[in-house]
Amino acid sequence: MPCFPTAMRLTRICAAVICVGFAHAALAQGISIEPNITSSLIWSDNTTLGVSSEKRSDVIVDVRPSLRFLSGGPLLRLNGTVGLTSTSYVNGTESNDVAPQADLRLNAVLAQRFLFLDASVRSFESADDLFGTRTDVVSTVNRYSTMQYALSPYIDRELSPRTRLIVRSDNTWTKANGANVPVNDGYFGQQTANFTIRPEPVGFGLQAEQTDTRYSNTSENLTREIARASVSAAYDAQIEVAAIFGHERTHGELGRPESSSKVYGGRFAWRPSERTNLDVTVENRFFGTGWNMSFTHRTPFIAWNLSAQRQVSTYAERLFSLSGVGDVLSLLDAAFTTRFPDPVNRAHMIDEFLLQRGLSTTTQGAINVFSNRLDLFKSLSGTAAYIGPRDAASLTAYHTTVETLPGTDPFIQILFPSDVKQSGATINWSHRLTTQSALVTTLNYSEALGFNANAGDRARQKTLRVEYNQALSPKTNGQIGARRQIYYSTVDPDGQESAVYFGVSHRF
């Protein structure tokens, strides 16, 4: 079986090399830094939605200063924002909160055609109570924040025109903050090595992978090790099929004995053009049939993707692999690629587009269910973005299931249940009224349904938001809007909320 006993030692060595390489890259090119601030004032007739059956009104003040970083040179690409979110309730109906906000990503070339680095810092908000109310825009109800730090040094080397070697060490650390944090701080590491011979028309591949999950409340490590060999064939430049054979082992899991089993399956890939890609992998694993499917397509006016999977994973692993259900920003980037090939120029054009149209890139997705063991995870999700002369729209939808693996100790299943199905959708539409103004409509729907040990628990929420967006100056925008929320739950009090708000955003 594959193992990586020196993985952390190699990571430390790479980290030292990274510091030198990053300093060299940063000096070699300039980095654009853009300060921003967004503030809003919201009046809500029911700030205790989902907390109490008694309606209480309040005025919420929200201020979000941030810094936008952008650099796109040949050695260093830095993109994203860091900042703070300050939320205050004038009448004290809920607790005030100041939380960090970050979504900063770095891609660096440390040694050309050999050593590279991906790193990121990001924050995101999750719900304390899976069956509680979901926050629309501004609220501290049923919310805690998580910071995630990721460091991924890797080697990517073309050994010949047909052969390629990739050795990668992905490491993520998560820390949760909040009044009633339901999760533990954790670490997830994934060490992989891939050697491939491109099919012309027949190819070959070897893969070794180890994953490691740890939490602050336990000394045990949950590890998985898997080795695969594949034989592939390319029928033309567009179609590739492969047969997969291997072996895997899982150990250290709470409530389950160590497992070891064979792996076999196949892969199908279809790439009719650089704008379209379909990739499907199906394997027989120790938990049954597992699969991964992804499909992407883009044109100058529309981009969309679909993904589906059935795999085993941990809470920390799902945070690592989270690509952002409803990642509208990446779809806009894909749609703008043809018109603006340069990534830095494209990023500026997307910023201008979002500012003019008032289109939000934030959408609701499934809540990541915490458990300190492996879960069976199934998901189906899709995102689409449309860019027209006067209209722009995005649609995201998802359905996920987190289920306790069969064979887990029944006592553990009852004590730490994680059986829940979640589904939802977000529709965001912007209509350009004039060159300086737009009308934006957003509709959110989410539902959580428990089963097995969570049978009978259910929550459903609908949110409608209508907003008028007006450019006040080349770098300043104003918004005024209203929202309506309806919440139903078998766990928490039902309720409804109406709110009106206005806000101002400015780029310095």
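Residues numbered from 1 in each chain as written. Predicted model: local features only at pLDDT ≥ 70, side-chain atom pairs only at ≥ 80, totals over all residues. Heavy atoms only, no water.

Before going further, it helps to spend a moment on the overall build of the protein. The secondary structure content of the protein amounts to 5 helices and 22 strands. For the protein, the proportion of its 508 residues judged to be buried stands at 45%. When the accessible surface of the protein is totalled, it reaches about 23,700 Å², and 60% of it is carbon and sulfur. (Helix = DSSP H or I, 4+ residues; strand = E, 2+ residues; numbered from the N terminus. Buried < 20%, exposed > 50% of the residue type's maximum accessible area, 1.4 Å probe, protein only. Areas by Shrake-Rupley, 256 points an atom, 1.4 Å probe, with all protein chains shown as cover.)

For the rest of this paragraph, the subject is the pairing of strand β17 (residues 391-404). In this sheet, β17 lies alongside strand β16 (residues 375-387) in antiparallel orientation, the contact comprising 13 bridges. Its bridge partner being in β17, S379 is matched across the sheet by T400. Two successive antiparallel strands, β16 and β17, enclose a turn made up of 3 residues. Taken together, the 12 bridges between β17 and strand β18 (residues 420-434) define a ladder with antiparallel strand orientation. Along β18, the bridge assignment pairs A392 with S430. (Pairing = 2+ DSSP bridges.)

So, on to the pattern of salt bridges. This model, assessed by the stated rule, comprises 24 salt bridges. A salt bridge links D212 to R214, with the nearest nitrogen and oxygen atoms 2.8 Å apart. We classify D212 as buried; its relative accessible area is 11%. Accessibility expressed as a relative area gives 29% for R214, which makes it partly exposed. (Salt bridge = Lys/Arg side-chain N within 4 Å of Asp/Glu carboxyl O.)

Quick look at empty space enclosed by the protein now. Inspection of every chain in the model, using the stated rule, returns 3 cavities of 30 Å³ or more. Volume-wise, the second largest cavity comes out at about 90 Å³. As for the second largest cavity, its lining consists of 14 residues, and the residues nearest its centre are L130, R134, S446, E447 and A448. Mapped onto the lining of the second largest cavity, the elements with two or more residues apiece are β19 (437-450) and β20 (458-473). Of the residues in the lining of the second largest cavity, the class split is 6 nonpolar, 5 polar and 3 charged. (1 Å grid on protein atoms, 1.4 Å probe; cavity = no way out; pocket = protein on both sides within 12 Å on 5 of 7 lines; lining within 4 Å. Points joined across faces, edges and corners; volume = space filled by probe spheres on them. Nonpolar A, V, L, I, M, F, W, Y, C, P; charged D, E, K, R; others polar.)

Moving on, we come to helix α4 (residues 343-357). The end-to-end C-alpha distance of α4, which contains 15 residues, comes to 21 Å, matching closely the 21 Å that a straight helix rising 1.5 Å per residue would cover. Among the residues making up α4, those that are buried are R346, A347, I350, D351, F353, L354, L355 and R357. (Expected span 1.5 Å × (residues − 1).)

Summarising the element assignment, E125 is placed in strand β5 (residues 115-126). Taking the C-alpha atoms as reference points, E125 and M147, 22 residues apart in sequence, are found 9.1 Å from one another. Setting aside its immediate chain neighbours within four residues, E125 contacts Q101, R143, Y144 and S145. (Contact = heavy atoms within 4.5 Å.)

Here helix α3 (residues 328-335) has its buried residues at V328, L331, L332 and A335. For α3, the buried positions fall inside an angular range of 100° around the axis, keeping them on one side. (Arc of directions from axis to C-beta.)

So, about the side chain of N454. Looking at where N454 falls in the secondary structure, it is placed in the loop between β19 and β20. For N454, a relative accessible area of 12% translates into the label buried. In terms of polar contacts, N454 uses its side chain to reach the backbone carbonyl oxygen of D419, at 3.1 Å. (Polar contact = N/O pair within 3.5 Å; in protein donor to acceptor, adjacent residues only side chain to side chain.)

With that settled, consider a nonpolar patch on the surface. Taken together, L41, V61, V90, L433, Y468, I480 and F502 make up a surface patch of nonpolar side chains, about 590 Å² in accessible area. Relative to the assigned elements, L41 resides in strand β1 (residues 32-44). Residue classification places L41 among the partly exposed positions, given a relative accessible area of 34%. (Patch = residues over 30% accessible without salt bridge, like charges linked within 9 Å, V, L, I, M, F, W, Y side chains within 5 Å.)

It is worth spelling out the packing of aromatic side chains at this point. Applying the stated rule across the entire model yields 5 aromatic pairs. Residues F116 and Y154 carry aromatic rings whose centres are separated by 5.4 Å and whose planes lie at 20° to one another, so their mutual orientation is stacked. Here F116, found in strand β5, pairs with Y154, found in strand β6 (residues 144-158); they are 38 residues apart in sequence, far enough to count as distant. Residue F116 shares its accessibility class with Y154, and that shared class is buried. Sitting above the plane of the Y154 ring, R168 keeps its charged end 4.6 Å from the centroid. (Phe/Tyr/Trp six-rings, centres within 6.5 Å; stacked < 30°, edge-to-face > 60°. Lys NZ or Arg CZ within 6 Å of the ring centre and 35° of its normal.)

Membership of the largest hydrophobic core comes to 14 residues, with the highest contact counts inside it found for L332, F336, I350, F353, L354, L359 and I387. For this core, the elements supplying multiple residues, two or more each, are α3, α4 and β16. Apart from the residues lying within four places of it in its own chain, the contact partners of F336 are R346, I350, F353 and I387. Ranked by size, the runner-up nonpolar core spans 12 residues in total, among them I367, V369, V402 and A448. (Core = buried A, V, L, I, M, F, W, Y, C linked by side-chain atoms within 4.5 Å.)

Within the secondary structure, T93 is located in the loop between β3 (76-89) and β4 (97-111). A residue is classified by how much of its surface remains accessible, and T93, at 10% relative accessible area, is buried. With 35 residues separating them along the chain, T93 and D58 place their C-alpha atoms 6.7 Å apart. Residues in contact with T93, not counting those within four places in the same chain, are T47, T48, R56, S57 and D58.

Time to look at the pairing of strand β21 (residues 476-489). Across 14 bridges, β20 lies against β21 in antiparallel orientation. Within β21, the residue paired with Q470 across the bridge is G478. Connecting the antiparallel pair β20 and β21 is a turn made up of 2 residues. Bridge count between β21 and strand β22 (residues 495-507): 12 bridges; the pairing is antiparallel. Within β22, the position partnered with R484 by the bridge is S498.

To continue, consider the packing of α3 against α4. Look at α3 against α4: their axes get within 10 Å of each other, and the N-to-C directions meet at 120°. Considering how the two elements wind past one another, α3 and α4 form a crossing that is right-handed. Contacts between α3 and α4 involve L329, L332 and D333 from the former and R346, I350, F353 and L354 from the latter. Residues belonging to the contact of α3 with α4 are distributed by class as follows: 5 nonpolar, no polar and 2 charged. (Axes fitted to C-alpha atoms, helices over the stretch in contact; angles between N-to-C directions. Left-handed = near helix turned anticlockwise from the far one by under 90°.)

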